[in-house]
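Results of the structural survey
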Amino acid sequence: MNLTTRYMGLSLKSPLVPSASPLSEDIDNMRRMEDAGASAIVMHSLFEEQFMDDEGVKFNHHPMTHNSDKNSFTLNYQPESIRFRVDPQEYLNHIRKAKAIVDIPIIASLNGTSLGGWTNYARLIELAGADALELNIYNVPTDMSLTGTQLEQNYIDILDAVKSVVSIPVAVKLSPYFTNMANMAKRLDDAGANALVLFNRFYQPDINLKKLQVEPNIILSEPQAKRLPMRWIAILYGQIYANLAATSGIHKGHDVVKMLLAGADVTMICSALLLHGIDYLRTIESELCEWMDKHEFASVEGMKGILSQKNCANPSAFERVQYMRSLSIYKPEWAHTQDTSYYFG
Ligand SMILES: Cc1cc2nc3c(=O)[nH]c(=O)nc-3n(C[C@H](O)[C@H](O)[C@H](O)COP(=O)(O)O)c2cc1C
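Right, let's get into the environment of Leu-133. Along the polypeptide, Leu-133 turns up in strand 6 (residues 132-136). Since its relative accessible area comes to 0%, Leu-133 is described here as buried. Along the sequence, Leu-133 and Asn-194 sit 61 residues apart, while their C-alpha atoms lie 9.7 Å from each other. When neighbours within four sequence positions are excluded, Leu-133 is seen to be in contact with Ile-107, Ala-108, Ser-109, Leu-110, Ala-122, Ile-125, Val-162, Ile-168, Pro-169, Val-170 and Ala-171.

Written as structure tokens, this is what we have:
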């Protein structure tokens, strides 16, 4: 059985890639991921906010902040005091150590929202030995004067800035919250993104009623979270040059299978590894192999996109008509069952 896949020009032994998480902060974990079958590792992110001046001066964060000094790694603002897990220099050392210890590709992760000198750091990441870079643009715009057009252009400008300083492939990890996701995907593709990583999970703060405080609150994903990226991967498959990476809600071998059938080139896993441990990758791989065996698929390449919008028997399943159908056939008694086979008659 051939599990190999190509992702951003990299030849990977399988589609199973641990996505950015605190697990990669420990070099020993990276070795364990490789042993458990990971075909590449996306490192935890280095955040734009980590490139702040040493003065500790606090500036207002504006998502469209520009810093024209292309050689500077210093930003002209500092957000509220946050303790970061690693500093930029440590991050580069971590890449070097990881490259010395594992044989699989290392994908570094830069995370930010504004156009500024921090994007030049991509070059140092490349020099440290990263095989590719994932650019996570995690933007929660709250400025009412910013238009959607400006915000979308900001994504393209950040990608351009990073692409102009590196020759390694660059993936963009983004949210689904665009007026026209398909258009945004096409624009990033035209701007040279080597892959799109769909989608960022947005961590919503909660309100603590005892303390009467707003608190950050990370909730690990559940398998249902895969539906949104799966739909968009299915829609985009075969329409853009960039590779497609699925992230969110991939907990079992069957989730991997579904993402591949939709058109993903790789499937990224985070919550399931945090919940069950790194060795759980072996379980996911054997579930994938078992399914392929049972359904007589000899290769992952042969599975890719066969149920994408372009190739499936019912392309409208990904569009409004299916939404109407789902609502109109639903029966209240189904609320008590997790069995969704009724949708398919
Ligand atoms: C504790 C935690 C830390 C994360 N850290 C990062 C990060 O540093 N950079 C990043 O791009 N994504 C980060 N993510 C997002 C994951 O890489 C992944 O995209 C997301 O959790 C959805 O995948 P999942 O459903 O398998 O968890 C983090 C997620 C969790 C739960």
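Below, the discussion takes up the pattern of salt bridges. Within the structure shown, the criterion is met by 10 salt bridges. Among the ionic pairs, Glu-126 bridges to Arg-123, the shortest N-O distance being 3.1 Å. Taken as a pair, Glu-126 and Arg-123 lie in helix 3 (residues 121-127) at a separation of 3 residues, close to a single helical turn. With relative accessibility at 36%, the residue Arg-123 sits in the partly exposed group. Two residues, Glu-301 and Lys-304, come together in a salt bridge whose shortest N-O distance is 3.0 Å. Salt bridges here are not isolated pairs; linked through shared partners, they connect Asp-265, Glu-301 and Lys-304.

Time to look at the site of the ligand. Around the ligand lies a shell of 20 residues, among which Ala-20, Ser-45, Asn-136, Ser-221 and Ser-271 are the nearest. One of the backbone nitrogen or oxygen atoms of Gly-249 is found 2.7 Å away from an oxygen atom of the ligand. A distance of 2.5 Å separates an oxygen atom of the ligand from a polar side-chain atom of Ser-271. Among the elements of the structure, strand 4 (41-47) and helix 8 (271-276) are those that each provide at least two residues to the shell around the ligand. Tallied by class, residues from the shell around the ligand come to 7 nonpolar, 10 polar and 3 charged.

Looking now at the confidence of the model for the protein. Of the residues in the protein, 87% reach a pLDDT of 70 or more, and the chain-wide mean stands at 88. Low pLDDT, under 50, characterises residues 54-81; the stretch is placed with 63 contacts to residues that sit more than four places away or in other chains.

The next subject is unusual backbone geometry. For the bond from Leu-198 to Phe-199, the omega torsion is 0°, close enough to zero to count as cis. Relative to the elements of secondary structure, Phe-199 occurs in the loop between strand 8 (195-198) and strand 9 (206-208). Not every positive phi belongs to a glycine, and Met-8 is a case in point at roughly 50°. Mapping Met-8 onto the fold places it in the loop between strand 1 (5-7) and strand 2 (10-12).

For the rest of this paragraph, the subject is a nonpolar patch on the surface. The grouping of Tyr-203, Ile-218, Leu-220, Leu-274 and Leu-275 at the surface amounts to a nonpolar patch, some 450 Å² of accessible area in total. Take Leu-275: it is sitting in helix 8.

What follows covers the nonpolar core. Looking at soluble globular proteins, one finds that nonpolar side chains tend to be buried together. Of all hydrophobic cores here, the largest spans 85 residues; its most connected members are Leu-110, Ile-125, Leu-135, Leu-174, Leu-188, Leu-196 and Leu-198. Sequence-distant contacts of Leu-188, that is, excluding residues within four places in its chain, are made with Tyr-155, Ile-156, Leu-159, Val-172, Leu-174, Ala-193 and Leu-196.

This brings us to the sheet that holds strand 8. One open sheet holds the 8 strands; their spatial order is 3-12-11-8-7-6-5-4, and the pairing between them is parallel. The sheet is open, and its two borders are formed by strand 3 (16-18) and strand 4, each paired with just one other strand. With direction set aside, neighbouring strand axes in the sheet form an average angle of 25°. By the bridge criterion, 4 bridges tie strand 7 (residues 170-174) to strand 8 in an arrangement that is parallel. Within the sheet, the bridge partner assigned to Ala-171 lies in strand 8 and is Ala-195.

Turning our attention to the side chain of Ser-175. With respect to the helices and strands, the residue Ser-175 is situated in the loop between strand 7 and helix 5 (181-190). Polar side-chain contacts of Ser-175 include one of 3.1 Å to the backbone nitrogen of Tyr-177. Apart from the residues within four sequence positions on either side, Ser-175 is in contact with Met-181, Phe-199, Asn-200 and Phe-202.

Here we take up the pairing of strand 12 (residues 266-269). Alternating positions in strand 12 separate into two faces, Val-266 and Met-268 on one and Thr-267 and Ile-269 on the other, with burial throughout. Summarising the sheet, strand 3 and strand 12 pair through 3 bridges and their orientation is parallel. The residue bridging Pro-18 from the neighbouring strand is Ile-269, located in strand 12. With 3 bridges connecting them, strand 11 (residues 243-247) and strand 12 associate as parallel partners. Each bridged residue has a counterpart across the sheet, and for Ala-245 the counterpart in strand 12 is Val-266. For the crossover from strand 11 across helix 7 (residues 253-262) to strand 12, the handedness is right-handed.

Definitions and cut-offs
Residues numbered from 1 in each chain as written. Predicted model: local features only at pLDDT ≥ 70, side-chain atom pairs only at ≥ 80, totals over all residues. Heavy atoms only, no water. Helix = DSSP H or I, 4+ residues; strand = E, 2+ residues; numbered from the N terminus. Buried < 20%, exposed > 50% of the residue type's maximum accessible area, 1.4 Å probe, protein only. Contact = heavy atoms within 4.5 Å. Salt bridge = Lys/Arg side-chain N within 4 Å of Asp/Glu carboxyl O. Near = heavy atom within 4 Å. Polar contact = N/O pair within 3.5 Å; in protein donor to acceptor, adjacent residues only side chain to side chain. Nonpolar A, V, L, I, M, F, W, Y, C, P; charged D, E, K, R; others polar. pLDDT = per-residue confidence, 0-100. Patch = residues over 30% accessible without salt bridge, like charges linked within 9 Å, V, L, I, M, F, W, Y side chains within 5 Å. Areas by Shrake-Rupley, 256 points an atom, 1.4 Å probe, with all protein chains shown as cover. Core = buried A, V, L, I, M, F, W, Y, C linked by side-chain atoms within 4.5 Å. Pairing = 2+ DSSP bridges. Axes fitted to C-alpha atoms, helices over the stretch in contact; angles between N-to-C directions. Right-handed = clockwise from strand over helix to strand, strands pointing away.

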